[in-house]
Amino acid sequence: MGAGEGPGLTMGNPRPTAACSAAPQKATPMTGSRIPGLLVPAVFLLALVAGLCWYWRHRDDD
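Definitions and limits used
- Residues numbered from 1 in each chain as written.
- Predicted model: local features only at pLDDT ≥ 70, side-chain atom pairs only at ≥ 80, totals over all residues.
- Heavy atoms only, no water.
- Helix = DSSP H or I, 4+ residues; strand = E, 2+ residues; numbered from the N terminus.
- Buried < 20%, exposed > 50% of the residue type's maximum accessible area, 1.4 Å probe, protein only.
- Areas by Shrake-Rupley, 256 points an atom, 1.4 Å probe, with all protein chains shown as cover.
- Phe/Tyr/Trp six-rings, centres within 6.5 Å; stacked < 30°, edge-to-face > 60°.
- Lys NZ or Arg CZ within 6 Å of the ring centre and 35° of its normal.
- Polar contact = N/O pair within 3.5 Å; in protein donor to acceptor, adjacent residues only side chain to side chain.
- Patch = residues over 30% accessible without salt bridge, like charges linked within 9 Å, V, L, I, M, F, W, Y side chains within 5 Å.
- Salt bridge = Lys/Arg side-chain N within 4 Å of Asp/Glu carboxyl O.

K.L.:
Help me understand the overall build of the chain in this model?
P.N.:
When you go through the chain residue by residue, the secondary structure sums to 2 helices and 0 strands. For the chain, with 62 residues in total, the buried portion stands at 2%. A total accessible area of about 6200 Å² is found for the chain, and carbon and sulfur atoms account for 66% of it.

K.L.:
What is the right way to look at the packing of aromatic side chains in this model?
P.N.:
Any two aromatic rings considered together are summarised by their centre-to-centre distance and by the angle between their planes. According to the stated counting rule, one finds 0 aromatic pairs in the structure shown. In this structure, R59 is placed above the aromatic ring of W56, and the distance from its NZ or CZ to the ring centre is 3.9 Å.

K.L.:
What's the story with the environment of R59 in this structure? I'm lost.
P.N.:
Topologically, R59 is positioned in the segment after α2 (35-58). Judged by relative accessible area, which is 38%, R59 ranks as partly exposed. Within polar-contact distance, the side chain of R59 engages the backbone oxygen of W56 at 2.4 Å.

K.L.:
Is there a simple way to explain a nonpolar patch on the surface in this structure?
P.N.:
The grouping of M30, I35, L38, L39 and V43 at the surface amounts to a nonpolar patch, some 480 Å² of accessible area in total. Here I35 shows up in helix α2. Taking the relative accessible area as the measure of exposure, I35 reaches 39% and is therefore partly exposed.

Read these as geometric descriptors, not functional statements.
Rendered as structure tokens:
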């Protein structure tokens, strides 16, 4: 192995990879397909907080 070469480095490829040389992307408007990805975690967290509050209020009930 020469200088600067290691197990994770490509040998003999001076060009940067596509991820490194990608131009900055322009902002795109949010589409409706992203709504479930935003709502599902929010609903899950809300249900978790509601469950914890219910548990905390009723933990001493017999």
